[in-house]
Amino acid sequence: MSWKPPPALADRLRARLDDEFETVARPEGLRRTSDARREQAQDAEDDAKPAARKGPSLKMRAVGYLSRREHARGELARKLAAHAEDPAEVEAVLDSLEKEGWLSNERFAQGLVHRRAARQGTARIVQELRQHGVDDNQVAELRDQLRATEYERALEVWKKRFQARPQDRAAYAKQARFLASRGFAHDVIRRILGEGDED
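The name an unreviewed UniProt entry gives the chain is Regulatory protein RecX, with Achromobacter pulmonis as the organism. The record in UniProt for the chain states the following under Subcellular location (unreviewed entry): "Cytoplasm".

Asks: Give a description of the packing of helix 6 (residues 105-116) against helix 8 (residues 136-148) that names residues and reports values.
Replies: Helix 8 packs onto helix 6 with a crossing angle of 25° between their chain directions and a minimal axis gap of 11 Å. Taken together, the axes of helix 6 and helix 8 lie roughly parallel to each other. Between helix 6 and helix 8 lies a crossing of right-handed hand. Only Gln 138, Leu 142 and Leu 146 of helix 8 make contact with helix 6, whose side of the interface consists of Asn 105, Glu 106, Ala 109, Gln 110 and Val 113. The class makeup of the residues in the contact of helix 6 with helix 8 is 4 nonpolar, 3 polar and 1 charged.

Asks: Just give me the short version of helix 8, but keep the residues and values in it.
Replies: Spanning 13 residues, helix 8 covers 19 Å between terminal C-alpha atoms, matching the ideal 18 Å at 1.5 Å per step. Within helix 8, the full set of buried residues consists of Gln 138, Val 139, Leu 142 and Leu 146. Around the axis of helix 8, the buried residues are gathered within 100° of arc, so they sit on the same side. Looking at helix 8, the residues exposed on the side facing more than 90 degrees away from the buried face are Asp 136, Asn 137, Arg 147 and Ala 148.

So, how was this worked out
Residues numbered from 1 in each chain as written. Predicted model: local features only at pLDDT ≥ 70, side-chain atom pairs only at ≥ 80, totals over all residues. Heavy atoms only, no water. UniProt positions renumbered as here; feature names shortened; annotations may be inferred. Axes fitted to C-alpha atoms, helices over the stretch in contact; angles between N-to-C directions. Helix = DSSP H or I, 4+ residues; strand = E, 2+ residues; numbered from the N terminus. Parallel < 35°, antiparallel > 145°, perpendicular 65-115°, else oblique. Left-handed = near helix turned anticlockwise from the far one by under 90°. Contact = heavy atoms within 4.5 Å. Nonpolar A, V, L, I, M, F, W, Y, C, P; charged D, E, K, R; others polar. Expected span 1.5 Å × (residues − 1). Buried < 20%, exposed > 50% of the residue type's maximum accessible area, 1.4 Å probe, protein only. Arc of directions from axis to C-beta.

In structure tokens:
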């Protein structure tokens with residue numbers, strides 16, 4: 001059973017809706033001239049204004065990216081370039097973020113090494129650092145640190161994947177390819193697969 005309003009209430013609601021509809025849908029000729037002039041002036045003013053950029057500012061976007069993980073300066077510049085009208089604007093934001101301590105290539109490089117060192121060899125980590133535009137001096141320093149621990153790291157990776165040293169050439173080739181694909185040096189691979197002991 002559906003509810004029906006009393007006739008007097010229904011008539012009042014109908015009259016109110018009719019008034020509101022007439023207010024919204026008033027024909028153009030019935031508008032007051034002052035209203036029409038005001039609307040034309042507002043339209044002209046809106047057309048004269050430059051289009052405002054939609055969405056967050058470049059700095060807010062950059063801080064958002066940096067709050068999720070560390071970024072290298074070049075990587076962050078590429079991400080922000082899609083949202084900027086002028087490359088100088090991106091550089092100014094990046095300079096500001098470096099001054100404030102939000103952006104640091106050194107911190108990015110240390111974090112990348114920390115994340116990758118347990119699974120990858122020096123060559124692969126160094127290649128990734130260079131792709132991100134990390135300074136050559138810092139890359140050389142990190143490379144030396146990684147090389148000092150490469151044998152131990154490669155041995156751990158190998159132990160997780162294989163239970164025993166290779167018994168034939170095919171098995172040797174398979175294990176060597178696996179370690180090489182992870183970026184470990186050939187002399188380290190040879191020590192693990194045949195010439196060194198597992199301790």
